[in-house]
Amino acid sequence: MTATTLPTPSDLSITPRDRRFGRETHLTRLWHGGSVEATAIYNALSATFPIGEAYFVESVRAFREGAPAKLAEEIKAFTTQEAIHSREHHAFNKRAERSGYDLSKLEQRVSERLSITKDRPPIVNVAATMALEHFTAILAHQLLANPKHLEGADQETAELWRWHACEEIEHKGVAYDTWLYATRHWPRFKRWKVKAKVMLLVTRNFLVDRTAGSLELMRQDGVTGLSAWTRLLWYLWIRPAMFRKIAGAWLSYFLPGFHPWKEDDRHLLAAYDKTAKVQPNTKRKVRHAA
Ligand SMILES: [Fe+2]
Ligand SMILES: [Fe+2]
């Protein structure tokens, strides 16, 4: 596949929805239906976003210069969306801290992981971003497709997650297309090998770190040991089984000719935009203050 035959839909428009969540309301500590494990996994994910998404932006933006006009435009929209996500998750994390959690260990772990990539060539950062963006896109698809995942959650917070999920789907091809463009002169097998190796590494770190982060937050709620492990693993793999349900989509990443838009899930975006309070608007000014 070359950069000129990308399956990203030609009429796809990546349009930031500049929304703000929960600034005026107090966050109940166990906001996810009173469940320690459900609250823990979503809080653990949210703790990683401000640092992680800043890294995605830097990694992809390094290839904007000289990129074809459409891709450069998409990179710009991608960075705007991710910047707003960081702002909203930063605000959410502060609220979670005010409700009693200490997220500092989790944030420190993300910083440590990302510091390893500092001295690597920029293309390695794009490969890691593309792998993590696939993760977020398939998690986002599952979150929007299956209402069970946010059942019982605080409404405003559920809305934050749905909004983020929607935009993750919308820009899911950007890091991938950046990679295809940046490696357009590489032999096919080398491309696949690097992509697959980085995905395996990223997956191991993602599973280990998010599990450890969730267990740390559950410990802060007084749930430890075998009970914590059982409850968390049940939630992630048995019911509602977010991780089990994304396993097939995760595997598709390794297939020859894979592209995130081979699964066209824009119907989920349309359904979201129909019910959301703020419609996508490219002319909207992005407010950065938290
Ligand atoms: Fe995001
Ligand atoms: Fe993203």
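Preceding this section is the structure that the text describes.
Residues numbered from 1 in each chain as written. Chains lettered and ligands numbered in written order. Predicted model: local features only at pLDDT ≥ 70, side-chain atom pairs only at ≥ 80, totals over all residues. Heavy atoms only, no water.

Caption draft 1: Quick peek at the coordination of the iron ion (ligand 2). With distances of 2.0 to 2.7 Å, the protein atoms coordinating the iron ion (ligand 2) are E82 (OE), E133 (OE), E133 (OE), E168 (OE), E168 (OE) and H171 (NE2). Each of the 6 donor atoms bound to the iron ion (ligand 2) contributes to angles spanning 52 to 149°, and the resulting shape is irregular. Between the iron ion (ligand 2) and the iron ion (ligand 1) the interatomic distance amounts to 3.8 Å, and E82 serves as a bridging ligand to the pair. Judged by relative accessible area, which is 3%, E168 ranks as buried. Given the relative accessible area of 0%, H171 is considered buried. (Donors = N, O, S within 2.8 Å, 3.2 Å for Na, K, Ca; no water. Tetrahedral: all angles 85-135°; square planar, octahedral: opposite > 155°, others 65-115°. Buried < 20%, exposed > 50% of the residue type's maximum accessible area, 1.4 Å probe, protein only.)

Caption draft 2: Expanded view of the side chain of T157. You can see T157 is positioned in helix α5 (residues 155-170). Within the local environment of T157, its side chain forms a polar contact with the side chain of D154, the two groups lying 2.4 Å apart. Setting aside residues up to four positions removed in sequence, T157 forms contacts with L27, W31 and F92. (Helix = DSSP H or I, 4+ residues; strand = E, 2+ residues; numbered from the N terminus. Polar contact = N/O pair within 3.5 Å; in protein donor to acceptor, adjacent residues only side chain to side chain. Contact = heavy atoms within 4.5 Å.)

Caption draft 3: Focus on the packing of aromatic side chains. Counting across every chain of the model gives 16 aromatic pairs. Both rings, one in F189 and one in W192, keep their centres 6.2 Å apart while their planes meet at 20°; by these two values the pair is stacked. Taken as a pair, F189 and W192 lie in helix α7 (residues 188-220) at a separation of 3 residues, close to a single helical turn. Classification of F189 by relative accessible area gives exposed; the value is 58%. On the numbers, 6.0 Å between centres and 80° between planes, the contact of Y253 with F254 is edge-to-face. The exposure classification of Y253 matches that of F254, with both residues buried. Feature note: the residues W31, Y42, F49, F92 and W161 constitute an aromatic cluster, connected by ring pairs. Its guanidinium or amino end placed over the ring of Y101, R29 lies 4.3 Å from that ring's centre, counting from NZ or CZ. A cation over an aromatic ring shows up here: K172 above the ring of W261, its NZ or CZ 4.4 Å from the ring centre. (Phe/Tyr/Trp six-rings, centres within 6.5 Å; stacked < 30°, edge-to-face > 60°. Lys NZ or Arg CZ within 6 Å of the ring centre and 35° of its normal.)

Caption draft 4: Structural detail: helix α8 (residues 225-238). Taking 1.5 Å per residue, 14 residues should reach 20 Å; α8 reaches 19 Å between its end C-alpha atoms and fits that length. Among the residues of α8, A228, L232, Y235 and L236 are the ones counted as buried. End-on view of α8: buried residues confined to an arc of 90°, all on one side of the axis. In this structure, the buried residues of α8 make contact with α1 (36-61), α7 and α9 (242-245). (Expected span 1.5 Å × (residues − 1). Arc of directions from axis to C-beta.)

Caption draft 5: Region of interest: the coordination of the iron ion (ligand 1). Coordination sphere of the iron ion (ligand 1), protein contribution only: E53 (OE), E82 (OE), H85 (ND1), H164 (NE2) and E168 (OE), at 1.9 to 2.3 Å. One chain supplies every donor for the iron ion (ligand 1), spaced along it as E-x28-E-x2-H-x78-H-x3-E.

Caption draft 6: Looking closely at the environment of A249. As for its position among the elements, A249 is in helix α10 (residues 247-252). C-alpha of A249 to C-alpha of A196: the two residues are 53 residues apart in sequence and 14 Å apart in space. Not counting chain neighbours up to four residues away, the residues in contact with A249 comprise H134 and I138.

Caption draft 7: Spatial organisation of helix α11 (residues 266-275). Looking only at α11, the buried set comprises L268, L269, Y272 and D273. Buried residues in α11, looked at end-on, bunch into an arc of 130°, giving them a common side. Along α11, the residues that are exposed and aim more than 90 degrees away from the buried face are H267, K274 and T275. For α11, the secondary structure elements touched by its buried residues are α4 (122-145) and α5.

Caption draft 8: Expanded view of the nonpolar core. Ranked by size, the top nonpolar core spans 84 residues in total, and within it Y42, W161, M218 and Y253 carry the most contacts. A per-element tally of this core places α4 first, with 13 residues. For Y42, the residues in contact, after removing those within four places along its chain, are W31, H32, L143, H149, L150, W161, Y235 and M242. (Core = buried A, V, L, I, M, F, W, Y, C linked by side-chain atoms within 4.5 Å.)

Caption draft 9: Fine view of a nonpolar patch on the surface. On the surface, W229, L233, W234, W237 and I238 cluster together into a nonpolar patch covering about 510 Å² of accessible area. With respect to the element layout, I238 can be found in helix α8. Judged by relative accessible area, which is 43%, I238 ranks as partly exposed. (Patch = residues over 30% accessible without salt bridge, like charges linked within 9 Å, V, L, I, M, F, W, Y side chains within 5 Å. Areas by Shrake-Rupley, 256 points an atom, 1.4 Å probe, with all protein chains shown as cover. Salt bridge = Lys/Arg side-chain N within 4 Å of Asp/Glu carboxyl O.)

Any link to function would need more than the numbers given here.
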